[in-house]
Amino acid sequence: MPPRPIIVFDLDDTLYAERDFAISGFKACERWLEEKHGVGGVVAEMTRLLDDGHMRQLFVDVLKDRVPDATDAHLEAFIDVYRLHEPDIALYPDAAWALDHFGRDGPLGLITDGQHEVQSSKVRALRIADRFGHIVYTGALGGRAFSKPHPLSYERMEAAIGVPGRQFVYVGDNPAKDFVTPNERGWISVQVHRPMRIHSRAVAAPGGTAQHELHSLEELPDLLASLAV
Ligand SMILES: [Mg+2]
């Protein structure tokens, strides 16, 4: 049997629920509002707006509603509280299992979009940095232009932990961006379905449909075994 491919994971809504990060951030926003402005009770409303798909606008709407004379500086501070809070998040059980299982026989990779400081705070909170042979924070590559599907992060991963003759697998959740470049570069692409994922309305990009779909990462060993020739 050939050696198993090198597995590279996405982070948000692949290894943990991004909605949990958001709610953890909303709680930090609520504490800040109570402390600075004496108003509270915003977590339920922010969560409802998130679930209705208003992620960007919800900070503006909630702050203006609770603090009518809020300035742009207040808004910036409010959003910073969200971005920079210490998140209270946990791995999906099947993700914890997969990191243990696959981490035993060779390096794993992580490619994650978003602001570097935010994404690294999630990796710290999940205590998973040492599970990976290489991590690419696309936000640290020089701006949003390098977010997936830009090829640079995948090229960096190949250079960092590639081994001649071993294929790569990318495991993600979002067909709008995760699988375009893996498909182009000859990687195996695997979508894991997370029912509560934030980008549940995302439409597959051209060429971005995953080659394989799973409902749990515990199905991944059987999938990879079935692909071995
Ligand atoms: Mg994701």
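Quantities reported herein were computed from a predicted structural model and do not represent experimental measurements.

### Brief notes about the sheet that holds strand β5 (residues 188-192)
No. 1: If you walk across this open sheet you meet the six strands as β3-β2-β1-β4-β5-β6, and the pairing is parallel. The open sheet has two edge strands, β3 (134-137) and β6 (212-214), and neither has a second partner. Strand-to-strand twist in this sheet, taken as the mean axis angle between neighbours without regard to direction, amounts to 20 degrees.
No. 2: Looking at chain direction, β5 and β6 are connected through three bridges and run parallel. If you follow Gln-191 over to β6, its bridge partner there is Glu-213.

### Considering the coordination of the magnesium ion
No. 1: Within the protein, the atoms that donate to the magnesium ion are Asp-10 (OD), Asp-12 (O) and Asp-173 (OD), at distances of 2.1 to 2.2 Å.
No. 2: If you list the donors of the magnesium ion from N- to C-terminus, the spacing comes out as D-x1-D-x160-D. Highlighted residues: Asp-10 in the loop between β1 (6-9) and α1 (18-37) and Asp-173 in the loop between β4 (168-172) and α8 (180-184), separated in sequence by 163 residues.
No. 3: Note on Asp-173: relative accessible area 2%, which makes it buried.

### Structural notes on the packing of α1 against helix α4 (residues 72-84)
Any two packed helices are characterised by how steeply their axes cross, that is the angle between the axes, and by the distance between the axes.
No. 1: Direction vectors running N to C along α1 and α4 enclose 135 degrees, while the axes themselves pass 8 Å from each other. Taken together, the axis directions place α1 and α4 in an arrangement best described as oblique. Remark: the crossing between α1 and α4 carries right-handed chirality. Contact with α1, carried on its side by Phe-21, Ala-22, Gly-25, Phe-26, Ala-28, Cys-29, Trp-32, Leu-33 and His-37, involves His-74, Ala-77, Phe-78, Val-81 and Tyr-82 of α4 and no other residues of that element.
No. 2: Partitioning the contact of α1 with α4 into residue classes produces 11 nonpolar, three polar and no charged.

### Focus on the packing of α1 against helix α2 (residues 43-51)
No. 1: For the pair α1 and α2, the least separation of the axes is 9 Å and the interaxial angle reads 145 degrees. Here the hand of the crossing between α1 and α2 comes out right-handed. The segment α1 lies against α2, with Arg-19, Ala-22, Ile-23, Phe-26, Lys-27, Cys-29 and Glu-30 engaging Val-43, Met-46, Thr-47, Leu-50 and Asp-51.
No. 2: Partitioning the contact of α1 with α2 into residue classes produces seven nonpolar, one polar and four charged.

### Notes on the domain arrangement of the chain
No. 1: According to the domain assignment, the chain consists of domain 1 (6-17 + 89-227) and domain 2 (19-84).
No. 2: For domain 1 versus domain 2, the distance between C-alpha centres works out to 29 Å.
No. 3: Each side of the interface is counted separately: domain 1 has 12 residues, and domain 2 has 10 residues.
No. 4: For the pair domain 1 and domain 2, the summed buried area comes to about 930 Å², and 58% of that belongs to carbon and sulfur atoms.
No. 5: Joining domain 1 to domain 2, the criterion identifies one salt bridge.
No. 6: Between Arg-83 and Glu-117 there is a salt bridge, with its nearest N and O atoms 2.5 Å apart.
No. 7: Scanning the region where domain 1 abuts domain 2 turns up four residue pairs in polar contact (both at pLDDT 80 or more).

About the criteria used
- Residues numbered from 1 in each chain as written.
- Predicted model: local features only at pLDDT ≥ 70, side-chain atom pairs only at ≥ 80, totals over all residues.
- Heavy atoms only, no water.
- Pairing = 2+ DSSP bridges.
- Helix = DSSP H or I, 4+ residues; strand = E, 2+ residues; numbered from the N terminus.
- Axes fitted to C-alpha atoms, helices over the stretch in contact; angles between N-to-C directions.
- Donors = N, O, S within 2.8 Å, 3.2 Å for Na, K, Ca; no water.
- Buried < 20%, exposed > 50% of the residue type's maximum accessible area, 1.4 Å probe, protein only.
- Parallel < 35°, antiparallel > 145°, perpendicular 65-115°, else oblique.
- Left-handed = near helix turned anticlockwise from the far one by under 90°.
- Contact = heavy atoms within 4.5 Å.
- Nonpolar A, V, L, I, M, F, W, Y, C, P; charged D, E, K, R; others polar.
- Domains from an automatic or database assignment.
- Buried area = accessible area lost by both parts, 1.4 Å probe.
- Salt bridge = Lys/Arg side-chain N within 4 Å of Asp/Glu carboxyl O.
- Polar contact = N/O pair within 3.5 Å; in protein donor to acceptor, adjacent residues only side chain to side chain.

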